[in-house]
Amino acid sequence: MPGWLQAGGWGLLAGSALLIGAAAGYLAPVPRKVIASVMAFGAGVLLSAVAFELVAEAHERAGLTPTVLGAMTGAILYTGCNVLLARRGARHRKRSGEQQPSEQEQGGSGTALALGALLDGVPESIVIGTSLLGGGAISVVTVVAVFISNVPEGLSSAAGMRRAGRSKAYVFGLWTGIAVISGLAAVAGFTLLGGAPAAVLAGITALAGGAILAMIADTMIPEAFDEAHLLIGLITVVGFLVAFALSQAG
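Conventions we followed
Residues numbered from 1 in each chain as written. Predicted model: local features only at pLDDT ≥ 70, side-chain atom pairs only at ≥ 80, totals over all residues. Heavy atoms only, no water. Core = buried A, V, L, I, M, F, W, Y, C linked by side-chain atoms within 4.5 Å. Buried < 20%, exposed > 50% of the residue type's maximum accessible area, 1.4 Å probe, protein only. Helix = DSSP H or I, 4+ residues; strand = E, 2+ residues; numbered from the N terminus. Contact = heavy atoms within 4.5 Å. Axes fitted to C-alpha atoms, helices over the stretch in contact; angles between N-to-C directions. Parallel < 35°, antiparallel > 145°, perpendicular 65-115°, else oblique. Left-handed = near helix turned anticlockwise from the far one by under 90°. Nonpolar A, V, L, I, M, F, W, Y, C, P; charged D, E, K, R; others polar. Expected span 1.5 Å × (residues − 1). Patch = residues over 30% accessible without salt bridge, like charges linked within 9 Å, V, L, I, M, F, W, Y side chains within 5 Å. Areas by Shrake-Rupley, 256 points an atom, 1.4 Å probe, with all protein chains shown as cover. Salt bridge = Lys/Arg side-chain N within 4 Å of Asp/Glu carboxyl O.

1. A word on the nonpolar core
Grouped together as the largest cluster of nonpolar side chains are 35 residues, with contacts concentrated most on Trp175, Ile212 and Met220. Counting residues per element, the ones that place at least two in this core are helix H1 (3-27), helix H2 (32-62), helix H3 (64-90), helix H4 (109-130), helix H5 (140-163), helix H6 (168-192), helix H7 (198-226) and helix H8 (232-249). Counting residues per element, this core draws most heavily on H7, which supplies eight residues. Once residues within four sequence positions are removed from consideration, isoleucine 212 is found in contact with Leu46, Val50, Leu54, Pro123 and Glu124. By size, the runner-up hydrophobic cluster in this structure holds 11 residues, among which are Ala7, Leu132, Val143 and Leu201.

As structure tokens, then:
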């Protein structure tokens, strides 16, 4: 099977978890403490993937300088885009409560929510594509980490969209589209960066890591700890260790 097709398939698989989570969040009355617990687990998984897969791999490929520059660039780009989208109504796109505005409350917030979901998902998918470069095997840990973390993201966001009065067609159309774009982003990561030198690949990997880390802090942790209970910290550590164990097993 061609490498670009493998990349697209793995990206689509990881992105499909958003749709699974959205279906649960929109169609089922999931208690907010359960959503917070699942989000905490997903945050722990992604934190581990960033530390042991993305940043560590970037450092191994090209050293400290490209890694730091890439991670900072990713964080700055993500934060800048996030600030712009927040002003349009997408600040609380991963919140399951009453924080998301309706279209009547803030016109254009639906488009901002869609762009925000895209902003959150693309860096992860690009990394999935680049992991296949050079004839290597797919990073199973990265795919599993993205898949696991995407379930609570879709669940929490869809629950909030339902409370804001978003239609079923909007919610499922949005997450289906993001899943497809995740596959295309993985293809782009594989095809566009195929001939890139090690330092550039390291910078791109670190850039994705920085963007994902900023996303965790800005959108996942607030939802996880909004309905905080005494086990939230423990659940986050469990998610972190599950991903770490997968990385060591691989």
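2. What to know about the packing of H3 against H7
The interhelical angle for the contact between H3 and H7, taken along N-to-C directions, is 45°, at an axis separation of 6 Å. Relative to H7, the element H3 is oriented oblique. Where H3 crosses over H7, the two elements pack in a sense that is right-handed. When H3 is examined against H7, the residues Pro66, Thr67, Gly70, Ala71, Thr73, Gly74, Ala75, Leu77, Tyr78, Thr79 and Asn82 are found in contact with a partner set consisting of Ala199, Gly203, Ala206, Leu207, Gly210, Ala211, Ala214, Met215, Asp218 and Thr219. Split by residue class, the contact of H3 with H7 holds 11 nonpolar, nine polar and one charged.

3. Some words on H5
Look at H5: 35 Å from first C-alpha to last across 24 residues, which is about the 34 Å you get at 1.5 Å a residue. By the criterion of burial, H5 is predominantly enclosed, with 17 of the 24 residues buried. With its phi angle positive at about 90°, glycine 165 sits one or two positions after the end of H5.

4. Description of a nonpolar patch on the surface
Together, Leu231, Leu234, Val238, Val242 and Leu246 give the surface a local cluster of nonpolar side chains, amounting to about 390 Å² of exposed area. Inspection of the secondary structure assignment puts leucine 234 in helix H8. Taking relative accessible area as the criterion, leucine 234 reaches 51% and is therefore assigned exposed.

5. Comments concerning the pattern of salt bridges
A complete count under the given rule lists one salt bridge for this structure. Where glutamate 57 meets arginine 61, a salt bridge forms, and the shortest distance between an N and an O atom there is 3.2 Å. Of this pair, glutamate 57 and arginine 61 both sit in helix H2, four residues apart, which is roughly one turn of the helix.

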